Structures are given as structure tokens and as C-alpha cells.
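Overview (structure and organization)
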Amino acid sequence: MSQARIAPFPILLATTCAIGFTRAFYSVTSVSGHSMSPTIRSGDWVIVNRSRWDQCELGDIVVCHQITSFPSSKSIIKRVTSISPDNKLFLSSDNVTQKFEDSTVFGRVNRNVVKGVVIGRIDKDWNVEWEMKRKVDNTGMS
């Protein structure tokens, strides 16, 4: 009696394709800094939808390419609080207790600096929060 064998190559190929597909559209990024507290804290991880970079809306939290000249800033994470008629974004920090670099310092930015939209947060205790959007009117006030 012969036993059925599962060919390893198709399973390996399917797994590789699934991982590649996921990495093409999503990333998980660690957060360092307090500009988005209390929504996102230093040490949290964020799940970023990289396929939505050009579709960000008011209230979305976005991860952007380096905008400022701050040397350790490879990427920044901010909330979209206003979109101008010419489609430029005003990005703000959630932490209102301290002053952080945001659009009040570097001005409105083009959408092409956005790497992706944050769709979830994983805290230090491995709790996952999926609803990251907040209602914001176009004046930047919530």
C-alpha cells in the first residue's frame, strides 16, 4: 500500500507567495517617541496598509517618509487633520501636552510622502486595537 506524499515545493511556493503578497501591501513598524500619545505609545507596533498611501483621509494616522531634518527621523507617524483643496495634507501629533514637529513646523505635505495608513496597533501586552481613525473636521479640530 502506498502512502500519499505532499510535495514540498508547491507548499513552499504558496507560502512564499503569500508572504510576498502580504509584505507588498502591509508592514508592521515599531514606534519610538511620544508625539502620538495617548493613541499610540512609544514601544507600540503599528500595522500599516501600504497600498492605501494615496487614499488617506481626514482622521487617518499615517506613516511618512522623513520630512524634517531631524537626524534620527527615518519615518514619522502623524494624524491627517486637514486636506487642502490642492490635496496637500496637514499632519498633527495627537499629544497636545508637548510640542512636537508636525505641519505647524514643516507645513503641509504632498501625499507622495505617505508610506501607508495605520490600520492597527499592538501594545506592549500584545493587545490589538484595529480602529485607529478619529473624526476630524477640515479645520484640524476634532
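Note that this is a predicted model, so its numbers are computed, not measured. (Residues numbered from 1 in each chain as written. Predicted model: local features only at pLDDT ≥ 70, side-chain atom pairs only at ≥ 80, totals over all residues. Heavy atoms only, no water.)

A few words on the overall build of the protein. Across its full length, the protein carries two helices and seven strands. Mapped from its N terminus to its C terminus, the protein presents α and β elements in the order α-β-β-β-β-β-α-β-β. By the burial criterion, 36% of the 142 residues in the protein qualify as buried. In the protein, of all internal contacts separated by at least 6 residues, the share reaching a separation of at least 24 is 56%. By element, 58% of the accessible surface of the protein is carried by carbon and sulfur atoms, the whole surface being about 9,200 Å². (Helix = DSSP H or I, 4+ residues; strand = E, 2+ residues; numbered from the N terminus. Buried < 20%, exposed > 50% of the residue type's maximum accessible area, 1.4 Å probe, protein only. Contact = heavy atoms within 4.5 Å. Areas by Shrake-Rupley, 256 points an atom, 1.4 Å probe, with all protein chains shown as cover.)

With that out of the way, let us pick up the pairing of strand β2 (residues 45-49). Summarising burial for β2: four of the five residues are buried, a large majority. Strand direction decides the pairing type here: strand β1 (residues 26-30) and β2, joined by five bridges, are antiparallel. Bridge pairing in β2 links Ser30 to Trp45. Bridge count between β2 and strand β6 (residues 114-122): five bridges; the pairing is antiparallel. Across the sheet, the residue bridging to Ile47 is Gly120, located in β6. (Pairing = 2+ DSSP bridges.)

Relative to the helices and strands, Val118 resides in strand β6. Residues Val118 and Cys56, spaced 62 residues apart in sequence, show a C-alpha to C-alpha distance of 9.7 Å.

Before going further, it helps to examine the confidence of the model for the protein. Across the protein, the average pLDDT comes to 81, with 74% of residues at or above 70. Element-level pLDDT for the protein is lowest in helix α1 (residues 8-25), with a mean of 63, against a maximum mean of 94 in strand β5 (residues 89-92). (pLDDT = per-residue confidence, 0-100.)

Next up on the list: the nonpolar core. Of all hydrophobic cores here, the largest spans 12 residues; its members are Cys56, Val62, Cys64, Ile76, Val80, Ile83, Leu89, Leu91, Val109, Val113, Val114 and Val117. Secondary-structure elements contributing two or more residues to this core are β3 (61-65), β4 (75-83), β5 and β6. If one sorts the elements of this core by residue count, β4 sits on top with three residues. With near-sequence residues (within four places) excluded, Leu91 lies in contact with Val62, Cys64, Ile67, Lys78, Arg79, Val80, Asp102, Ser103 and Val109. By size, the runner-up hydrophobic cluster in this structure holds 10 residues, among which are Val48, Val63, Val118 and Met132. (Core = buried A, V, L, I, M, F, W, Y, C linked by side-chain atoms within 4.5 Å.)

By the bridge criterion, four bridges tie β4 to β5 in an arrangement that is antiparallel. Counted as the bridge partner of Arg79 is Ser92 from β5. Hairpin remark: β4 followed by β5, antiparallel, with five residues in the connecting loop; positive phi at Asn87, about 70°.

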